[in-house]
Amino acid sequence: MRRLRWIAPIALIAAAMAAQADVYRTVDAEGHVEYSDRWVPGAELVRTDHPGRESSSTTSSDAQKRSTAEVKKDKDAARSEQCKQAKSRYQRAIESRRLYREGANGERQYLTDEEADQERLQARIEVQDACGTAPAND
């Protein structure tokens, strides 16, 4: 029973400390944006709940608004890139006479007409998912 009296306050303190985590933003060499609660070299602090850590010119709410805007901007850029890649894949699929997959040793394994039709349909669905609309040219 005595253990339970000490475990509850310790758990509450640990939860409160975890809730006050800083958020850091990094961009890797390939341009992928990552958010973490741990600082790494080159990371930018985008949100903090510790009043002494941010610059005097920004408030916590300003940092949070900036963080939200940056996340939205990053999501929009990622979605745009996914849409561009999906459209490119679809265009290649409909323009190619024969479609193939690469085998284990790098050799080409040509698809049957039915498999090629399925591949083109899958590419079209990916465009719809990534871009929100069906491709214009069928």
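Coordinates for the structure precede this section.
Everything numeric in this text was worked out from a predicted model, so none of it was measured.

The rules behind the values
- Residues numbered from 1 in each chain as written.
- Predicted model: local features only at pLDDT ≥ 70, side-chain atom pairs only at ≥ 80, totals over all residues.
- Heavy atoms only, no water.
- Phe/Tyr/Trp six-rings, centres within 6.5 Å; stacked < 30°, edge-to-face > 60°.
- Helix = DSSP H or I, 4+ residues; strand = E, 2+ residues; numbered from the N terminus.
- Lys NZ or Arg CZ within 6 Å of the ring centre and 35° of its normal.
- Salt bridge = Lys/Arg side-chain N within 4 Å of Asp/Glu carboxyl O.
- Buried < 20%, exposed > 50% of the residue type's maximum accessible area, 1.4 Å probe, protein only.
- Polar contact = N/O pair within 3.5 Å; in protein donor to acceptor, adjacent residues only side chain to side chain.
- Contact = heavy atoms within 4.5 Å.
- 1 Å grid on protein atoms, 1.4 Å probe; cavity = no way out; pocket = protein on both sides within 12 Å on 5 of 7 lines; lining within 4 Å.
- Points joined across faces, edges and corners; volume = space filled by probe spheres on them.
- Nonpolar A, V, L, I, M, F, W, Y, C, P; charged D, E, K, R; others polar.
- Disulfide = S-S within 2.5 Å.

Quick word on the packing of aromatic side chains
Here is step 1 of the chain: Under the definition given, this model contains one aromatic pair.
Here is step 2 of the chain: Ring geometry for Tyr100 versus Tyr110: centroids 5.8 Å apart, planes at 65°, classification edge-to-face. Of this pair, Tyr100 sits in strand β4 (residues 100-102) while Tyr110 is found in strand β5 (residues 108-110), placing the two residues ten residues apart along the sequence.
Here is step 3 of the chain: Against the face of Tyr110 rests Arg98, its NZ or CZ located 4.3 Å from the ring centre.

Points about the pattern of salt bridges
Here is step 1 of the chain: In total, this model carries seven salt bridges according to the counting rule given.
Here is step 2 of the chain: Close ionic contact of Arg89 with Glu119 constitutes a salt bridge, the shortest N to O distance being 2.4 Å. Placement of Arg89 in helix α2 (residues 60-95) and of Glu119 in helix α3 (residues 113-131) is noted, with a sequence separation of 30 residues between them.
Here is step 3 of the chain: The class of Glu119 is partly exposed, set by a relative accessible area of 22%.
Here is step 4 of the chain: Taking the shortest distance from any N to any O, the salt bridge between Glu126 and Arg89 comes out at 2.8 Å. Highlighted residues: Glu126 in helix α3 and Arg89 in helix α2, separated in sequence by 37 residues.
Here is step 5 of the chain: Connected via shared salt-bridge partners are Arg89, Arg101, Glu119 and Glu126.

A look at the side chain of Arg25
Here is step 1 of the chain: If you trace the backbone, Arg25 turns up in strand β1 (residues 23-27).
Here is step 2 of the chain: Owing to a relative accessible area of 18%, Arg25 belongs among the buried residues under this scheme.
Here is step 3 of the chain: Within the structure, Arg25 has its side chain in polar contact with the side chain of Asp74 (distance 3.2 Å).
Here is step 4 of the chain: In this structure Arg25 touches Val33, Glu34, Tyr35, Gly42, Ala43, Glu44, Val46, Glu70 and Asp74, once residues within four positions along its chain are discounted.

Notes on the layout of surface pockets
Here is step 1 of the chain: Taken as a whole, the largest pocket holds about 290 Å³ of empty space.
Here is step 2 of the chain: Gly31, His32, Val33, Tyr35, Val71, Asp74, Lys75, Ala77, Ala78, Glu81, Gln82 and Gln85 together form the lining of the largest pocket.
Here is step 3 of the chain: When contributions to the lining of the largest pocket are tallied by element, the ones reaching two or more residues are β2 (33-36) and α2.
Here is step 4 of the chain: In terms of residue class, the lining of the largest pocket is made up of five nonpolar, four polar and three charged.
Here is step 5 of the chain: In this structure, the second largest pocket spans a volume of roughly 160 Å³.
Here is step 6 of the chain: Lining the second largest pocket, in full, are Arg89, Arg92, Ala93, Ser96, Leu99, Tyr100, Arg101, Leu111 and Glu119.
Here is step 7 of the chain: Looking at the lining of the second largest pocket element by element, the count peaks at three residues for α2.
Here is step 8 of the chain: For the lining of the second largest pocket, the residue count by class is four nonpolar, one polar and four charged.

A word on the environment of Asp74
Here is step 1 of the chain: In this fold, Asp74 is placed in helix α2.
Here is step 2 of the chain: Measuring from C-alpha to C-alpha, the distance between Asp74 and Val33 comes to 7.2 Å, with 41 residues separating the pair along the chain.
Here is step 3 of the chain: What Asp74 contacts, discounting residues up to four positions off in sequence, is Arg25, Val33 and Tyr35.

Description of the state of the cysteines
Here is step 1 of the chain: Tallied over the entire structure, the rule returns one disulfide.
Here is step 2 of the chain: Covalent S-S linkage joins Cys83 and Cys131, the inter-sulfur distance amounting to 1.8 Å. Classification of the bridge connecting Cys83 and Cys131 rests on its S-S torsion, roughly 110°, and on that basis the disulfide is right-handed. Taken as a pair, Cys83 in helix α2 and Cys131 in helix α3 lie far apart in primary sequence, 48 residues in all.

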